[in-house]
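# Descriptive analysis of the structure
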Amino acid sequence: MAEDPITEGDLAEQLAYYSQRAPHYDDWWLRRGVFDKGDAANSVWFREAGVALAALEAADLGADVLELAPGTGTWSVHLAPRAATLTLVDGSAEMLAHNPVTASPQVRTQIADLFTWDTEERFDSVVFTFWISHVPRERLASFFTRVASWLRPGGTVFFVDDAPVSSSEPHVAATAGQKMVRLLNDGTRATIVKNFYTADELVDAAVRAGITLQVQETGTLFQYGLGRKH
Ligand code: SAM
């Protein structure tokens, strides 16, 4: 058990943080405003992001794709054109309001808490980008068990997330255990969950759930993984 187990209140604060941040969220991914660190650093960011995207593009996602915590749709835009159906599940209507694929005919959107959401539908692939680091350690095993339950046999898992170097980003005010204090644009602070899982921790949790997972790094900034349900 982690030293600082995450409460329901902590998870609610994390979700509320993303709703508040929604109008500015894409500044982070697009390296705008405070995230613009100059041409050299930005080009490393986009090059490494491209490595993870290439891995997604090369993955066999099948027809029916489930994307967990899609937010503003940075990765949904790469999934929607390839999917017969794309199901988006995110707890924040404010984040989803910026997601450009929600109006596409093959896309279904659900606003739900991913720590309790479930479905009897089964999918060819489950994708979660910049989400696994927000899953509390004490919920990691059950998260992978639930992902496996949503997959058809032979189904694909893809994820990408931050490497630990992201703790030095300008919107990080403090870190302690599995919590991180984030600064919003108006100067207010919010505490979120932020875990930098090792490849071994993720592979172990996945294998216990019946998923074979390979985890790689893009260089310095991102970690990504591709898995298959047995
Ligand atoms: N996948 C997007 C990306 O790659 O940019 C967004 C990732 S963002 C770091 C985390 C997302 O998780 C946000 O869209 C937020 O609304 C969502 N989220 C946070 N807590 C949640 C919860 N308990 N249930 C469902 N979604 C949640």
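Placed above this text is the structure.
To start, this report covers the structure provided alongside it. (Residues numbered from 1 in each chain as written. Predicted model: local features only at pLDDT ≥ 70, side-chain atom pairs only at ≥ 80, totals over all residues. Heavy atoms only, no water.)

### Notes on the side chain of Arg21
Residue position: Arg21 is located in helix H1 (residues 8-21). Notably, Arg21 is buried but unbridged: the nearest opposite-charge side chain belongs to Glu169, and the N-O separation is 7.5 Å. The residues touching Arg21, leaving out its near neighbours within four places in the chain, are Trp28, Phe35, His171, Arg182 and Leu184. (Helix = DSSP H or I, 4+ residues; strand = E, 2+ residues; numbered from the N terminus. Buried < 20%, exposed > 50% of the residue type's maximum accessible area, 1.4 Å probe, protein only. Lys, Arg positive; Asp, Glu negative; His and termini not counted. Salt bridge = Lys/Arg side-chain N within 4 Å of Asp/Glu carboxyl O. Contact = heavy atoms within 4.5 Å.)

### What about the packing of aromatic side chains?
One pass over the structure, following the stated rule, counts 19 aromatic pairs. With 5.5 Å between their ring centres and 40 degrees between their planes, Phe115 and Trp131 make a pair best called tilted. Linking Phe115 in the loop between strand E3 (107-111) and strand E4 (123-129) with Trp131 in the loop between E4 and helix H6 (140-150), this pair joins segments that are 16 residues apart in sequence. Taken as a pair, Phe115 and Trp131 share a single burial class, namely buried. Note on Phe128 and Phe143: the rings are 5.1 Å apart at their centroids and 85 degrees apart in plane angle, and the pair reads as edge-to-face. Of this pair, Phe128 sits in strand E4 while Phe143 sits in helix H6, and the two are 15 residues apart along the sequence. (Phe/Tyr/Trp six-rings, centres within 6.5 Å; stacked < 30°, edge-to-face > 60°.)

### Observations regarding the site of the ligand
Taken together, 20 residues form the shell around the ligand, and within it Tyr25, Ala69, Asp90, Leu114 and Thr129 come nearest. With respect to the ligand, the side chain of Asp90 contributes an N or O atom lying 2.7 Å from an oxygen atom. In this structure, a nitrogen atom belonging to the ligand sits 2.9 Å away from a main-chain N or O atom of Leu114. For the ligand, the protein covers 98% of the area, taking 590 Å² as the surface of the free molecule. Residues belonging to the shell around the ligand are distributed by class as follows: 12 nonpolar, 6 polar and 2 charged. (Near = heavy atom within 4 Å. Polar contact = N/O pair within 3.5 Å; in protein donor to acceptor, adjacent residues only side chain to side chain. Areas by Shrake-Rupley, 256 points an atom, 1.4 Å probe, with all protein chains shown as cover. Nonpolar A, V, L, I, M, F, W, Y, C, P; charged D, E, K, R; others polar.)

### Points about the nonpolar core
Membership of the largest hydrophobic core comes to 36 residues, with the highest contact counts inside it found for Trp29, Trp75, Leu86, Phe158, Val160 and Phe222. Where this core is concerned, the elements lending two or more residues are H1, helix H2 (25-29), helix H3 (39-58), strand E2 (85-90), strand E5 (151-162), strand E8 (189-193) and strand E10 (222-229). When near neighbours in sequence (up to four residues on either side) are disregarded, Trp29 contacts Trp45, Phe46, Ala49, Thr74, Trp75, Phe130 and Phe222. Phe143, Trp150, Leu202 and Ile211 belong to the second-largest nonpolar core, a separate cluster that totals 34 residues. (Core = buried A, V, L, I, M, F, W, Y, C linked by side-chain atoms within 4.5 Å.)

### Topic: the environment of Glu120
The residue Glu120 is located in the loop between E3 and E4 in this model. A relative accessible area of 76% places Glu120 in the exposed class.

### Digging into the pairing of strand E7 (residues 179-183)
For a regular strand, side chains alternate in direction, first toward one face of the sheet and then toward the other. Two strands pair when backbone bridges link them, and strand E6 (residues 172-176) and E7 are joined in this way by 4 bridges, in the antiparallel orientation. Note that in E7 the partner of Val172 across the bridge is Arg182. Hairpin geometry of E6 and E7 is characterised by an intervening segment of 2 residues between the two adjacent antiparallel strands and by a positive phi of about 60 degrees at Gly177. Taken together, the 5 bridges between E7 and E8 define a ladder with antiparallel strand orientation. The partner of Leu183 across the bridge, within E8, is Arg189. Where E7 hands over to E8, the hairpin turn is made up of 5 residues, of which Gly187 adopts a positive phi near 90 degrees. (Pairing = 2+ DSSP bridges.)

### Examining the pairing of E4
With 6 of its 7 residues buried, E4 lies for the most part within the structure. Where E4 meets E5, 6 bridges bridge the pair, whose relative direction is parallel. Bridge pairing links Val126 to Val157 in E5. Since E4 and E5 lie parallel, the crossover through H6 that links them has a hand, and here it is right-handed. (Right-handed = clockwise from strand over helix to strand, strands pointing away.)

### So, the pattern of salt bridges
In this structure the tally under the stated criterion is 13 salt bridges. Between Arg152 and Asp64 there is a salt bridge, with the nearest N and O atoms lying 2.9 Å from each other. In this pair, Arg152 sits in strand E5 while Asp64 sits in strand E1 (residues 64-68), placing the two residues 88 residues apart along the sequence. For Arg152, a relative accessible area of 31% translates into the label partly exposed. Linking Glu201 and Arg137 is a salt bridge whose minimum nitrogen-to-oxygen distance equals 3.1 Å. Of this pair, Glu201 sits in helix H7 (residues 199-208) while Arg137 sits in the loop between E4 and H6, and the two are 64 residues apart along the sequence. We classify Glu201 as partly exposed; its relative accessible area is 29%.

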